[in-house]
Amino acid sequence: DDWAYSVQQTSDGGYIVAGTTWSFDAGWIDLFLIKTDANGNVEWAKTYGGTDSEWAYSVQQTSDGGYIVVGGTHSFGAGWADIFLIKTDANGSVQWAKTYGGTSDDYASSVQQTSDGGYIVAGWTYSFGAGYNDIFLIKTDANGNVQWAKTYGGTNYDGAYSVQQT
């Protein structure tokens, strides 16, 4: 099984697609990134992950022509599930990869590059906050280093599926 969760048109008229693969993985499930031309022909396809499972929910082309992709990981990080943020160059080669989260499960569903060259990530956390799970918003610099992290929510379930700079 292979699943796509996010697609964006790229500056060259092609597309970048992010999701999950069971077909081409190094572990159980891997994060899958596909770059196509304008007609949908695959230019390259890459998998990222460890010995367990990784997945992607959001991808965006960055101002330098590379890509930022966010999802989750069971192979790396502090908890069972942590947020997995990967920055690649234009050919899909990893420039850096970061995990965010605590000892419980933390998830991300959206990433956008911000006007200062950093990134904003939205999702939800079971590790931090006031409730069972809360909205988790993380702002990073251009290298993925956390500038701030905030939680929002009450005592029940809260989560975020999208983020956009205003």
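Described below are features of the structure shown in this document.

For the rest of this paragraph, the subject is the overall build of the chain. A tally of regular secondary structure across the chain gives zero helices and 12 strands. Going from the N terminus to the C terminus, the chain shows its helices and strands as β-β-β-β-β-β-β-β-β-β-β-β. Dimensions of the chain, computed from the C-alpha atoms along their principal axes, are close to 50 × 35 × 25 Å. The contacts in the chain between residues at least 6 apart in sequence include a share of 36% that link residues at least 24 apart.

What follows concerns the sheet that holds strand E3 (residues 30–36). Reading across the sheet, the four strands line up as E1-E2-E3-E4 and stay open at both edges, with antiparallel pairing between neighbours. Strands at the two margins of the open sheet, each flanked by one partner only, are strand E1 (2–9) and strand E4 (42–48). Sheet twist, expressed as the mean angle between neighbouring strand axes with direction ignored, is 20°.

Let's shift gears to the pattern of salt bridges. What the rule picks out here adds up to four salt bridges. Between Asp64 and Lys87 there is a salt bridge; the shortest N-O distance is 3.1 Å. With a gap of 23 residues between them, Asp64 in the loop between strand E5 (54–61) and strand E6 (67–73) and Lys87 in strand E7 (residues 82–88) connect regions that are remote in the sequence. Salt-bridge contacts for Asp116 lead to Lys139; the nearest nitrogen and oxygen are separated by 3.1 Å. Linking Asp116 in the loop between strand E9 (106–113) and strand E10 (119–125) with Lys139 in strand E11 (residues 134–140), this pair joins segments that are 23 residues apart in sequence. For Lys139, a relative accessible area of 8% corresponds to the buried category. Each member of the salt-bridge network shares a partner with another, and the members are Asp12, Lys35 and Glu43.

Of all the seven residues making up E6, seven are buried; the element is thus mostly covered by neighbouring parts of the structure. Direction of pairing for E5 relative to E6: antiparallel, over a ladder of seven bridges. Note on E6: the bridge partner recorded for Trp55 is Gly72. What sits between E5 and E6 in their antiparallel hairpin is a turn of five residues, with Gly65 showing a positive phi close to 90°.

Reading guide: rules and limits
Residues numbered from 1 in each chain as written. Predicted model: local features only at pLDDT ≥ 70, side-chain atom pairs only at ≥ 80, totals over all residues. Heavy atoms only, no water. Helix = DSSP H or I, 4+ residues; strand = E, 2+ residues; numbered from the N terminus. Contact = heavy atoms within 4.5 Å. Pairing = 2+ DSSP bridges. Axes fitted to C-alpha atoms, helices over the stretch in contact; angles between N-to-C directions. Salt bridge = Lys/Arg side-chain N within 4 Å of Asp/Glu carboxyl O. Buried < 20%, exposed > 50% of the residue type's maximum accessible area, 1.4 Å probe, protein only.

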